[in-house]
Amino acid sequence: MSSNAITIFLTGATGYIGGSILQRLLSHPNKKNFEITALVRNADKAKRLESEFGVKTVVGSLQDLDKLATLAENAHVVIHTADCDDVDAIKAILRGLKARHEKTGDLPLLIHTSGLAEVGDDSKGESVNEKVWSDLNIPDIESLPPTAPHRPVDLLVVAADQDGYVRSHIVLPGYIYGVAKGPLFDAGISNAYTILTPLLSRIALQHGKVAVLNKGVSVWANVHIDDVTDLYLQLFDTLLTTPEKVSHGRDGYFFGANGEASLVDTLKVFAEVLHSEGRIPSPEVVNLSLEEMAKYYGNEFLARVIFSNTRSQGERARREIGWAPKHTAKELFEGLPAELRDLLKKEDENKKA
């Protein structure tokens, strides 16, 4: 590796978003100039990433704060796709980036993953909010309370940019759908599925029904995994070539959104598929009160977040880096039955193992 190598530190490499980004970095036209280091919890997966894919790994977790800081200090680019609510982890990463800037004069780049739950309202499934958020409306974003989901970490990221030791960029995806594909996923190293779909399926199976909060009509912005991965890579590429074109800090919010769907319409597909597979007795969704839904999810906060409205437009990435998502919300509904059946099959296999 030459002294001009671009050093990259990636968290979440065995996850859905992080694995998709790593997959693309490994097939990037300039991959020979990348020196990628991934923090990986699973020692076996770490070994396989090194031996099969040539990725340098460090075994550890987001709780290894000194390790996080050191890995960040050693990288010009940090792509953080793991827990977007871990304040201590982002503080450690920022501490490392600050040390790098102070010791070398380098202005490192941080691409941080947040989520559009941050802009969610408290409709509790009762209504569709007419408000559609735009990532170009910074005063609107800055009006969010500091207690909003993901907001505490995002505020630290923005503050670090304002302090001048890092250029920060925050990607906020909506409901990500689609099965991630490629060698990392085929090898079982990275998770090919979004977090929310398996979670909602498992909860439905546990209770023997698919439920919505009140009317369940809240609308979530969504995006296909391939499209949001394009956003990350186009952001990464532009930052390395023409960073002056890309907003950062308080202006550096990039919504990953290209369509929307109501929760009740989405969960009707869950009910129909789980019923057709003989897993639940009814193909109909059940309407529950907030108190009932808190018991169904085991968490009132989760119920409120899921049944909020997060209607959003991803305008900044289109304007600044030429993002051109190809997939539409129609494909969410077309692909969800097969995805659910695949998840059921894998869960059955895991039970037999």
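Look up a bit, the structure's there.
Just so you know, these numbers come straight off a predicted model, no measurement behind them.

Chemist: Can you break down the overall build of the protein residue by residue, with the values?
Modeler: Of the regular secondary structure elements, the protein holds 14 helices and 14 strands. Taken over C-alpha atoms, the radius of gyration comes to 20 Å for the protein, in line with the 20 Å a tight globule of 353 residues would show. In terms of overall dimensions, the protein has C-alpha extents of about 60 × 50 × 35 Å along its principal axes. Considering the protein as a whole, with its 353 residues, one finds that 54% of them fall into the buried category. In the protein, of all internal contacts separated by at least 6 residues, the share reaching a separation of at least 24 is 80%.

Chemist: Give me helix α8 (residues 196-207): which residues, what numbers.
Modeler: With 12 residues, α8 ought to run about 16 Å at 1.5 Å a step, and its terminal C-alpha atoms sit 17 Å apart, in line with that. Taken together, the buried residues of α8 touch β8 (175-177), β9 (210-213), α10 (263-276), α11 (290-297), α12 (300-306) and α14 (329-352). At the C-terminal side of α8, Gly-208 shows a positive phi close to 75°.

Chemist: So what about the packing of α8 against α11? Which residues, and what values?
Modeler: For the pair α8 and α11, the least separation of the axes is 10 Å and the interaxial angle reads 100°. In terms of orientation, α8 and α11 fall into the roughly perpendicular class. Facing α8, whose interface residues are Leu-200, Ile-203, Ala-204 and His-207, α11 presents Lys-295, Tyr-296 and Tyr-297. Taken together, the residues that form the contact of α8 with α11 break down as 5 nonpolar, 1 polar and 1 charged.

Chemist: Quick one: what's the story with empty space enclosed by the protein, residue by residue and with numbers?
Modeler: Evaluated as defined, the whole model comprises 2 cavities of 30 Å³ or more. Approximately 60 Å³ is the volume attributed to the largest cavity. For the largest cavity, the full set of lining residues is Tyr-175, Trp-220, Asn-222, Ala-261, Ser-262, Leu-263, Thr-266 and Leu-332. Residue assignment for the lining of the largest cavity shows that the elements contributing at least two residues are β10 (219-224), β12 (260-262) and α10. Its residues placed into classes, the lining of the largest cavity shows 5 nonpolar, 3 polar and no charged. If you trace the second largest cavity, you find it lined by Leu-200, Ile-203, Ala-204, Val-210, Ala-211, Leu-267, Tyr-296 and Tyr-297. Looking at the lining of the second largest cavity, the elements with two or more residues in it are α8, β9 and α11.

Chemist: Lay out the environment of His-112 with the relevant residues and their values.
Modeler: Here His-112 shows up in strand β5 (residues 109-113). Put simply, His-112 and Val-171 are 59 residues apart on the chain and 6.2 Å apart in space, counted from C-alpha to C-alpha. Other than its neighbours up to four places away in sequence, His-112 contacts His-80, Cys-84, Ile-90, Val-153, Asp-154, Val-157, His-169, Ile-170 and Val-171.

Chemist: Outline the side chain of Thr-81, listing residues and values.
Modeler: Mapped onto the elements, Thr-81 comes out in the loop between β4 (77-80) and α4 (87-104). Polar side-chain contacts of Thr-81 include one of 2.6 Å to the backbone oxygen of Thr-11. Setting aside anything within four residues of it in sequence, one finds Thr-81 in contact with Leu-10, Thr-11, Gly-12, Ile-17, Gly-18, Ile-21 and Thr-113.

Chemist: An account of the packing of aromatic side chains is requested, with residue identities and associated values reported.
Modeler: Under the criterion given, the structure shown has 2 aromatic pairs. Taking the centre distance of 5.4 Å and the plane angle of 85° together, the rings of Phe-34 and Phe-236 count as edge-to-face. Taken together, the residues Phe-34 in strand β2 (residues 34-40) and Phe-236 in helix α9 (residues 225-241) connect sequence positions 202 residues apart. Of the residues examined, Phe-34 reaches a relative accessible area of 5% and is grouped as buried. Taking NZ or CZ as reference, Lys-131 lies 4.5 Å from the ring centre of Trp-133, over its face.

Chemist: Outline the pairing of β4, listing residues and values.
Modeler: Judged by which residues are buried, β4 turns out to be covered on both faces: Val-77 and Ile-79 on one side and Val-78 and His-80 on the other are all buried. One ladder, built from 4 bridges, connects strand β1 (residues 6-11) with β4; its direction is parallel. In the strand pairing of β4, Thr-11 is matched with His-80. Taken together, the 4 bridges between β4 and β5 define a ladder with parallel strand orientation.

Chemist: Hey, could you go over unusual backbone geometry for me, with residue numbers and the actual values?
Modeler: Phi is positive for Lys-124, close to 55°, though the residue is something other than glycine. As for its position among the elements, Lys-124 is in the loop between β5 and β6 (133-134). Its identity is not glycine, yet Asn-214 carries a phi of approximately 55°, on the positive side. As for its placement among the helices and strands, Asn-214 is situated in the loop between β9 and β10.

Chemist: I'd like a rundown of the packing of α4 against helix α6 (residues 151-162), residues and numbers included.
Modeler: Packing of α4 against α6 brings their axes to within 9 Å, and their N-to-C directions diverge by 15°. The orientation of α4 relative to α6 falls into the category roughly parallel. By crossing handedness, the relation of α4 to α6 is classed as right-handed. Two secondary-structure elements touch here, α4 through Val-87, Ile-90, Lys-91 and Leu-94 and α6 through Pro-152, Val-153, Leu-156, Val-157 and Ala-160. Across the contact of α4 with α6, the residue classes tally to 8 nonpolar, no polar and 1 charged.

What counts as what
Residues numbered from 1 in each chain as written. Predicted model: local features only at pLDDT ≥ 70, side-chain atom pairs only at ≥ 80, totals over all residues. Heavy atoms only, no water. Helix = DSSP H or I, 4+ residues; strand = E, 2+ residues; numbered from the N terminus. Rg over C-alpha atoms; globule rule 2.2 N^0.38 Å. Buried < 20%, exposed > 50% of the residue type's maximum accessible area, 1.4 Å probe, protein only. Contact = heavy atoms within 4.5 Å. Expected span 1.5 Å × (residues − 1). Axes fitted to C-alpha atoms, helices over the stretch in contact; angles between N-to-C directions. Parallel < 35°, antiparallel > 145°, perpendicular 65-115°, else oblique. Nonpolar A, V, L, I, M, F, W, Y, C, P; charged D, E, K, R; others polar. 1 Å grid on protein atoms, 1.4 Å probe; cavity = no way out; pocket = protein on both sides within 12 Å on 5 of 7 lines; lining within 4 Å. Points joined across faces, edges and corners; volume = space filled by probe spheres on them. Polar contact = N/O pair within 3.5 Å; in protein donor to acceptor, adjacent residues only side chain to side chain. Phe/Tyr/Trp six-rings, centres within 6.5 Å; stacked < 30°, edge-to-face > 60°. Lys NZ or Arg CZ within 6 Å of the ring centre and 35° of its normal. Pairing = 2+ DSSP bridges. Left-handed = near helix turned anticlockwise from the far one by under 90°.

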